[in-house]
Amino acid sequence: MKLSATDTQVQAVVNEIRARGLTEHVSRGSELVIIGAMGDEDLLDASRFEILPGVERVTRIMKQYKIVSRDTHPAGSVISVRGIPLGGKQIQVIAGPCSVETQPQMADAAAMVAAAGCRMMRGGAFKPRTSPYAFQGLGVQGLDYLQTAARAHNLPVVTELMDVRMLDTFMEYDVDVIQIGARNMQNFDLLKEVGRVNKPIILKRGLSATINEWLMAAEYIAAGGNHNIIFCERGIRTFETAYRNVLDVTAIPVLKRETHLPVIVDPSHAGGKAWMVPALAQAAVAAGADGLLVEMHPNPPEAWCDADQALSAEQLTSLMATLRAIASAVGREL
Ligand code: PEP
Ligand code: MN
């Protein structure tokens, strides 16, 4: 309460707390009166208290995210993607092209991804492009190419869902991990729908999303019943223009502390240039990431999308060797 708050104003706040079925704890210091509300905090709307006369400030002690909070699962969760563990001691590298282009491109990419030692594959069939005139992805045909190529090497697939109307098709094609892209991190209707399916979800960080907004977006998915959520840091917007985005390495330990769910990093969309990818990937593993989402292409200069940031097969293979050493230095394995 404000220094100037009267007893009547204090009582009005207490009455409001009781009216919601909670109990109050009033502590009177020599100057300030602090009123605690105990019970189901969800029943309280902070803004209702802020407008009451004499109130100085309303602070939530309980976190707004509950299911995704580490408090509910202090040991940390390991998510199984067709038997491949994500979130445990083993770090998973998910590699593949930005977008699915042709069946031969996907067949080559899958062979290279598997040969490099990666256990999962990515490929976008539905692409969120800045320009409506840019290649938008092959759509359903792309899901088929991706699955055909990946299954030949027993690689589970990750692909982006942009439109809730395609969710049934994703289920028909048995997409192993559904990616919610940065641009859809706060598409709440989409989050609610993927919360109702039993597929792991990679939730990318929004271009300008705070950690709290990101955790709340995950809570939307979790609240629907799907707790298999993987956070993916992919760089955020800042004043800097020398690279595509700024990889927020700090987000890794902060998220690992706040949530029990796995945290992976996409160094490709963060840096935006292939030559930056190894340094960012190494930093991510050193900082405690549970996995990486890396763009590669059988022939990077020919990529239909994000050619600048695609690793070649050789670059991916040599990155895996470096990462193996870093992983073991931090008590993990690749
Ligand atoms: C992607 O991974 O293909 C992609 C479009 O990434 P983001 O949503 O992070 O921009
Ligand atoms: Mn891309």
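The rules behind these values
- Residues numbered from 1 in each chain as written.
- Chains lettered and ligands numbered in written order.
- Predicted model: local features only at pLDDT ≥ 70, side-chain atom pairs only at ≥ 80, totals over all residues.
- Heavy atoms only, no water.
- Pairing = 2+ DSSP bridges.
- Helix = DSSP H or I, 4+ residues; strand = E, 2+ residues; numbered from the N terminus.
- Axes fitted to C-alpha atoms, helices over the stretch in contact; angles between N-to-C directions.
- Contact = heavy atoms within 4.5 Å.
- Buried < 20%, exposed > 50% of the residue type's maximum accessible area, 1.4 Å probe, protein only.
- Arc of directions from axis to C-beta.
- Expected span 1.5 Å × (residues − 1).

Draft legend 1. Region of the structure containing the sheet that holds strand S8 (residues 177-180). One closed barrel holds the eight strands; their spatial order is S5-S6-S7-S8-S9-S10-S11-S12, and the pairing between them is parallel. Taken over all neighbouring pairs, the strand axes of this sheet differ in orientation by 25° on average, direction set aside. Strand direction decides the pairing type here: strand S11 (residues 263-265) and strand S12 (residues 291-295), joined by two bridges, are parallel. The residue bridging Ile264 from the neighbouring strand is Gly291, located in S12. Against the sheet, helix H7 (residues 211-223) contacts strand S9 (201-204) and strand S10 (229-233), and its axis sits at roughly 155° relative to S10. On the sheet, helix H8 (residues 251-258) packs against S10 and S11 and is oriented at approximately 165° with respect to S11.

Draft legend 2. Broad picture of helix H10 (residues 277-286). Within H10 the residues assigned to the buried category are Val277, Ala281, Ala284 and Val285. Mapping the buried residues of H10 onto a view down its axis gives an arc of 95°, with all of them on the same face. In this structure, the buried side of H10 is in contact with H8, S11, helix H9 (267-271), S12 and helix H11 (313-329). Following H10 by one or two positions, Gly288 adopts a phi angle in the positive range, close to 110°.

Draft legend 3. Structural detail: H11. Helix length check: H11 (17 residues) gives 25 Å between terminal C-alpha atoms against 24 Å at 1.5 Å per residue, within 8%. Taken together, the buried positions of H11 are Ala313, Leu316, Leu319, Met320, Leu323, Ile326 and Ala327. Axial view of H11: buried residues confined to an arc of 130°, hence all on one face. In H11, the exposed positions that point more than 90 degrees away from the buried face belong to Glu314, Ser328 and Ala329. Buried-residue contacts for H11 involve strand S5 (92-96), helix H3 (103-115), H10 and S12. Note on H11: the residue one or two positions beyond its end, Gly331, has a positive phi of about 75°.

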